[in-house]
Amino acid sequence: MTAAFINGTKIAEDIKIEVARQVKDLSRRGVQPGLAVVLVGDDAASSAYVNLKAKTCEQLGIYSRKLTIPSTVTTEELLWEVRKLNDDDKIDGILVQLPLPKPVSKHTILEGVDPQKDVDGFHSHNLGSLLLGHETLVACTPLGVMELLYRTGVEIEGANAVVLGRSDDVGKPQAALLMHANATVTICHSKTRNLPKVTRQADILVAAIGKVAMVTQDFVKPGAVVIDVGTNKVADRADVQRLFGDDEVRWKDFEKRGYVWAGDVDQRAVKEVASMLTPVPGGVGPMTIAMLMKNTVKAARIRRGL
Ligand code: NAP
């Protein structure tokens, strides 16, 4: 069997078209959704993500504001900036780009965001609401994974779903969403015994561990749907060769940037056993941004009682 690749780029484009339509509808009612993105420090990757988010807002007609804050900021000072955004009526969604510099308390900052503007879905109020099955703002990446499953017609109800990873931003909300969609869910992590035996039970396997190509063929039941959330930089020539062989596109990327992106799944091996697989890049990544836009519009509607 050779897996069909799930085209996240295409599905994300469809979602963005839908969001642009919703933004137009709202503008007829005098509302323009607004997103504020807070960037602390000058990390190149974070800065690139933030710029991409701002550009996507612009494309869809969403107002966007970028706050660049020096890495020397204290937790108190950053909290003050977040609170100003909480009180700003033009802003419906607030995203604090992670990671934050070490001395800043991530927990304090994320809990400082007004839950109604928490388009990342990281606030404990929103995570708790998700667990209770209430309508709420949900983390963009797991939400994007659900859209990929829905829009490719994967049967979730009754399926065995295994989520590999239990982080607050991906694994935990992912497991809750799959459970609410009536899958039978198992969560795995670094202390799980005999991991491949557990993951081989999965009809749907979501890998979110941040370990390059750790999910090999023996982790996957033949015919399973495999979602690769991992986004890992591979900068070693020998690793690129091992993972991608003579793949021209990867080598072109490597020569241009000095690294390539790889997922948590050994894609070349797993595509021989899975029925569907998300590529990296071009799978879950574009969905995360599309869902951020969708969440911003949702937050605008909720906050304005529409
Ligand atoms: P994280 O916070 O580092 O969590 C990693 C999870 O994987 C933890 O629960 C950890 O277990 C588990 N884990 C680590 N090594 C393991 C091993 N050898 N065996 C079993 N479990 C293991 O990472 P994250 O934020 O969830 O992100 C995971 C990956 O997704 C990263 O590559 C990240 O870049 C990517 N990501 C992509 C997007 C996107 O838009 N495409 C968005 C978010 C994240 P313990 O809890 O036991 O430590």
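Student: Hey, could you run me through the packing of helix α1 (residues 8-28) against helix α6 (residues 140-151) in this one?
Tutor: A packed helix pair is summarised by two numbers, namely the angle formed by the two axes and the spacing between the axes. Interhelical geometry of α1 versus α6 gives an angle of 100° and a closest axis separation of 11 Å. Here α6 runs roughly perpendicular to α1, going by the angle between their axes. In contact with Gly8, Ile11, Asp14, Ile15 and Glu18 of α1, α6 contributes Glu147, Leu148 and Arg151. Its residues assigned to classes, the contact of α1 with α6 comprises three nonpolar, one polar and four charged.

Student: Would you take a moment to explain the site of the ligand for this structure?
Tutor: Every one of the 21 residues lining the ligand counts as a neighbour, but Arg166, Ser167, Ser190, Thr231 and Thr288 are closest to it. In the environment of the ligand, an oxygen atom lies 2.7 Å from a nitrogen or oxygen atom belonging to the side chain of Arg166. In this structure, an oxygen atom belonging to the ligand sits 3.3 Å away from a side-chain N or O atom of Asp169. Contact with the protein chains removes 69% of the 920 Å² of surface that the ligand exposes when unbound. The element contributing the most residues to the shell around the ligand is helix α12 (residues 284-303), with three residues.

Student: Looking at this structure, how should I read unusual backbone geometry?
Tutor: Residues apart from glycine generally show negative phi values, whereas peptide bonds are mostly found in trans. At the junction of Leu98 and Pro99, the peptide bond is cis and its omega measures out at 0° in the coordinates. Within the secondary structure, Pro99 sits in the loop between β4 (93-96) and α4 (106-112). Note the cis peptide between Val280 and Pro281, where omega equals 0°. Mapped onto the secondary structure, Pro281 falls in the loop between β11 (276-277) and α12. Unlike most non-glycine residues, Asn182 shows phi in positive territory, near 70°. Structurally, Asn182 can be placed in the loop between α7 (171-180) and β6 (184-188). Look at Asn182 and you get partly exposed, because its relative accessible area is 43%. At Asn194, a position not held by glycine, the phi torsion is positive, near 45°. Within the secondary structure, Asn194 sits in the loop between β6 and α8 (195-199).

Student: How should I be thinking about the sheet that holds strand β3 (residues 63-69) in this particular structure?
Tutor: As a general point, the strands of a sheet are linked pairwise by backbone hydrogen bonds and lie either parallel or antiparallel. Pairing is parallel across the open sheet formed by three strands, whose spatial order is β3-β2-β4. A single partner strand is all that each edge strand has here, and the edge strands are β3 and β4. Across the sheet, the axes of successive neighbouring strands diverge by a mean angle of 15°, strand direction being ignored. With seven bridges joining them, strand β2 (residues 34-40) and β3 adopt parallel strand pairing. Paired with Gly34 across the strands is Tyr63, a residue of β3. Its contacts with the sheet place helix α3 (residues 75-86) against β2, β3 and β4, and it is angled at close to 165° to β3.

Student: In this structure, what is going on with the side chain of Asp118? I would like to understand it.
Tutor: Here Asp118 lies in the loop between α4 and α5 (124-132). One buried charge, Asp118, has no salt-bridge partner; the nearest side chain with opposite charge is Lys298, at 11 Å. Asp118 has contacts with Ile94, Val113, His123, Asn126 and Leu137, leaving out every residue within four places of it along the chain.

Student: Help me understand the sheet that holds β6, please; the structure alone is not making it clear to me.
Tutor: The six strands lie next to each other as β1-β11-β8-β7-β5-β6, forming an open sheet whose pairing is parallel. Among the strands making up the open sheet, the edge pair consists of β1 (4-5) and β6. In the sheet, strand β7 (residues 204-207) pairs with strand β8 (residues 225-228) via four bridges, with the strands oriented parallel. The residue bridging Ile204 from the neighbouring strand is Val225, located in β8.

Student: Just to check I follow, could you spell out the domain arrangement of the protein for this structure?
Tutor: One frequent convention defines the size of an interface as the accessible area lost when the parts assemble. When its domains are assigned, the protein resolves into domain 1 (31-114) and domain 2 (140-285). Between the C-alpha centres of domain 1 and domain 2 there is a distance of 28 Å.

Student: Is there a simple way to explain the pairing of β4 in this structure?
Tutor: Along any regular strand, the residues point their side chains to alternate faces of the sheet. Of the two faces of β4, both are covered, the one formed by Gly93 and Leu95 as well as the one formed by Ile94 and Val96. Pairing of β2 with β4, which is carried by four bridges, proceeds in the parallel orientation. The residue of β4 that forms the bridge with Ala36 is Ile94.

Student: How do you make sense of α7 when you look at a structure like this?
Tutor: One full turn of an α-helix is made of 3.6 residues, so residues set three or four places apart face in the same direction. Burial within α7 is extensive, with seven of its ten residues counted as buried. Every buried residue belonging to α7 is among Gly171, Pro173, Gln174, Ala175, Ala176, Leu177 and Leu178, and all of these are buried. On the buried face of α7, the contacting elements are α5, α6, β5 (160-164), β6 and β7. Remark: Asn182 follows α7 within two positions and exhibits a positive phi of approximately 70°.

Student: Looking at this structure, I do not really get the packing of α6 against α7. What am I missing?
Tutor: The N-to-C vectors of α6 and α7 enclose an angle of 35°; their axes lie 8 Å apart at closest approach. Handedness of the α6/α7 crossing: right-handed. Along its contact with α6, which presents Thr141, Pro142, Leu143, Val145, Met146 and Leu149, the element α7 presents Pro173, Gln174, Leu177 and Leu178. Grouping the amino acids of the contact of α6 with α7 by side-chain chemistry returns eight nonpolar, two polar and no charged.

About the thresholds
- Per chain, residue numbering runs from 1 following the sequence as it is written.
- Local features in this predicted model are restricted to residues whose pLDDT is 70 or higher, and side-chain atom pairs enter the listing and the counts only when it is 80 or higher, whereas totals over whole chains, interfaces and linings include all residues.
- Only hydrogens and water are set aside; all other atoms, that is, all heavy atoms of the structure, feed into the side-chain values.
- Here, axes are lines fitted to C-alpha atoms. For helices the fit covers the stretch in contact, and angles between N-to-C directions go from 0 to 180 degrees.
- A run of H or I in DSSP counts as a helix once it spans at least four residues, and a run of E counts as a strand once it spans at least two, with each numbered from the N terminus.
- Here is the rule for angles: anything less than 35 degrees is roughly parallel, anything more than 145 is roughly antiparallel, 65 through 115 is roughly perpendicular, and the remaining ranges are oblique.
- Contacts are assigned to residue pairs with any non-hydrogen atoms lying within 4.5 Å of each other.
- In this classification, Asp, Glu, Lys and Arg are treated as charged, Ala, Val, Leu, Ile, Met, Phe, Trp, Tyr, Cys and Pro as nonpolar, and every other residue, Gly included, as polar.
- The nearness test applies per residue and asks whether one of its heavy atoms lies within 4 Å of the molecule or strand.
- In protein, a polar contact means a hydrogen-donor-capable atom and an acceptor-capable atom, both N or O and within 3.5 Å, with residues adjacent in sequence counting only if both atoms are side-chain atoms; elsewhere, any N or O pair within 3.5 Å suffices.
- Throughout, the Shrake-Rupley method with a 1.4 Å probe supplies accessible areas, and for residues the shown protein chains are the sole cover considered.
- The cut-offs for exposure are 20% and 50% of the maximum accessible area for each residue type, with area from a 1.4 Å probe on protein chains only; residues under the lower value are buried, those over the upper are exposed, and the others partly exposed.
- Between any two strands, at least two bridges found by DSSP are needed for them to pair.
- His is not counted, nor are the chain ends, whereas Lys and Arg count as positive and Asp and Glu as negative.
- The term salt bridge refers to a pairing of a side-chain nitrogen on Lys or Arg with a carboxyl oxygen on Asp or Glu at a separation within 4 Å.
- An automatic or database domain assignment provides the domain bounds reported here.
- Note: crossing handedness is left-handed where the near helix turns anticlockwise from the far helix by less than a right angle, and right-handed where it turns clockwise.

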